[in-house]
Amino acid sequence: MPGFRSTYQGSSFFELLRVDHPHLVAQAGGAPGLAGGAVAPGAAASIPHGTTVLAMKCAEGVLVAGDRLATENYRVASRDLQKVFPTDDHSLMAIAGAAGPCIEMARVLRVELEHYEKIEGAPLELEGKANKLSQMIRQNLPAAMQGLVVVPLFAGYDRRRKTGRLWKYDVTGGRYEEAEYEATGSGSLYARESLKKSWRPGIARDEAVRAAVEALVDAADEDRGTGGIDVTRGIYPNIFTCNAQGIQEVSKEEIAELHRRVLEARTSRGSA
Amino acid sequence: MTLPFYVSPEQIAQDKAEFARKGIARGKSIVVLEHEGGILLMAENPSTLSKIGEIYDRIAFAGVGKFSEFDQLRKVGVRYADVKGYSYSREDVLVKALANAYSQAMGEEFARSPKPLEVEIVVAEVGDDRLAGHERNAIYRVGFDGSISDHRSYCVIGGNAESLESHLQANFRPNLPLGEALKLGRATLERAQNGNRLEVEKLEVCVLERTRPTRKFRRLSADEVRGILGS
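Overview of the structure.

Let's shift gears to the overall build of chain B. Looking only at helices and strands, one finds six helices and ten strands in chain B. On C-alpha atoms alone, chain B measures out to a radius of gyration of 18 Å, which is about the 17 Å that the 2.2 N^0.38 rule sets for 231 residues. In terms of its C-alpha atoms, chain B occupies a principal-axis envelope of roughly 70 × 50 × 30 Å. Taking all 231 residues of chain B together, 44% fall into the buried category. Here the contacts in chain B between residues at least 6 apart in sequence split such that 64% fall between residues at least 24 apart.

The structure is reproduced here in structure tokens:
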């Protein structure tokens, strides 16, 4: 029966799409939904781009945060884009680069992890998840060469090793595990500089959230592409923590309060 | 020269059906029950090879008969649901369409293949109060020849299905709490064992929980079952 039985018999959803439903993935092995050869030179810049995301290890696991801005050249494409996505109960992906392919890749990864778990009857190990993402980014290389870059962060709680772990990626799918913290996107340099001062091994959850808010404020301060905290519209960064119990989103109220305190400290410093 | 024997299509279908029924009758039964918090799926299964599995957010699968055959069908269902949910939306994956697809595929297999499938399956979908038009549970049973039927309240597949179903008919009440539903399910399965006690370790128990977010399927451990049964 066409459409019901597939040729592909393995446990990867991404491969299933590539083998049996190629119309759902890009032609030249590019990002799902965007044909690798369809982007004219220079057009990539006018596609919305996500900016700064960061991840850090903390006492109980990991913390992942991202600002909300997407830009097209020098214009605002979206003020409230979500760039941090839980991919299952114990892992998260934070995206930077061309928003369309990035979001699609996060979506595929989520289905991929769930699909594997259902077919095999057991979830992938955290390292297995990180490695799968690496292969998906490698598939996107032809599109990346035309400017549709996907360079995410992947982080989660490793239930076997009982610790948080995080990885950064390059456009070729290169996967680099980070022991402390990492940021990616246009404001990442400033976010990393900020975290260099505030992060320390075994940082407690509350302190880690504060460090993340401060790093995002610093990135927005120096990089025009990074969205600051938009108090007038009530748009706050997405911050998630992930530990043995699972994933929790930090509330808007908590971020607002921390942001207020950060601003207060800086205001008095400025007026002195 | 010997002439090939003429065998009527009725005879072929009958022989195949008899063969399939024999295979299924050797297997143990599975009980699917609606209860207060969702749908309970229970199998007598001392092995670690699962007969019950998750298909999608609100959909579970249960199969009896030949393991390799129904497990293959389960995987086909997972692939079908995941591709559908990915290309449309998660809410578009519905059990009715899945049951129909199973029915078509199994019917075709019965007609074409010299050896019919020796399996019977149930696909169940728990209702979601937040999804207008999908608040009710749905249970479909698909037979080895693709015959499909929808069930309210409960459904039994496997060896002693008829006798077990009559037990449920006499004892089932709507909106049972999970504990009561578990007891009823166990008592029903015990009828296939001439009323001998079924230890919790010999049961495979899964639930579709109405109130869980997104993925509503959950496998209960023996300890959990024991805790709920209070024994």
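Moving on, we get to the packing of helix H4 (residues 161–171) of chain B against helix H5 (residues 178–191) of chain B. Helix-helix packing is characterised by the crossing angle of the two axes and by the distance between the axes. All names here are of chain B. For the pair H4 and H5, interaxial distance at closest approach is 9 Å and the crossing angle is 145°. As H4 packs across H5, the resulting crossing turns out to be right-handed. Facing Ser-163, Leu-164, His-167, Leu-168 and Asn-171 of H4, the residues of H5 in contact are Leu-184, Thr-188 and Arg-191. In terms of residue class, the contact of H4 with H5 is built from three nonpolar, four polar and one charged.

Below, the discussion takes up the interface of chain B and chain A. One widely used convention gives an interface's size as the accessible area the parts lose upon coming together. The partner chain A presents 13 residues to the 16 residues of chain B that form the contact. Looking at the side of chain B that touches chain A, the elements that each hand over two or more residues are strand S3 (52–56), helix H2 (67–87) and helix H3 (95–112) of chain B. No other element matches H2(B), which puts nine residues into the side of chain B that touches chain A. Per-class residue counts for the side of chain B that touches chain A are seven nonpolar, four polar and five charged.

Before going further, it helps to spend a moment on the sheet that holds strand S4 (residues 70–72) of chain A. Residues and elements named next belong to chain A. Spatially, the four strands line up as an open sheet ordered S5-S4-S1-S8, and their pairing is antiparallel. Looking at which strands have only one partner, the edges of the open sheet turn out to be strand S5 (75–78) and strand S8 (97–98). Bridge count between strand S1 (residues 49–50) and S4: two bridges; the pairing is antiparallel. Paired with His-49 across the two strands is Thr-71, which belongs to S4.

Here we take up the environment of A:Asn243. All names here are of chain A. Summarising the element assignment, Asn-243 is placed in strand S13 (residues 238–243). On the neighbour-count criterion, Asn-243 (20 C-beta atoms within 10 Å) is buried. Note: C-alpha distance between Asn-243 and Ala-59 (184 residues apart in sequence) is 9.1 Å. Excluding its chain neighbours within four sequence positions, the residues that come into contact with Asn-243 are Glu-60, Gly-61 and Tyr-157.

Each value, and the rule that gives it
Residues numbered from 1 in each chain as written. Chains lettered and ligands numbered in written order. Predicted model: local features only at pLDDT ≥ 70, side-chain atom pairs only at ≥ 80, totals over all residues. Helix = DSSP H or I, 4+ residues; strand = E, 2+ residues; numbered from the N terminus. Rg over C-alpha atoms; globule rule 2.2 N^0.38 Å. Buried ≥ 20, exposed ≤ 12 C-beta atoms within 10 Å, placed from the backbone. Contact = placed C-beta atoms within 7 Å. Axes fitted to C-alpha atoms, helices over the stretch in contact; angles between N-to-C directions. Left-handed = near helix turned anticlockwise from the far one by under 90°. Nonpolar A, V, L, I, M, F, W, Y, C, P; charged D, E, K, R; others polar. Pairing = 2+ DSSP bridges.

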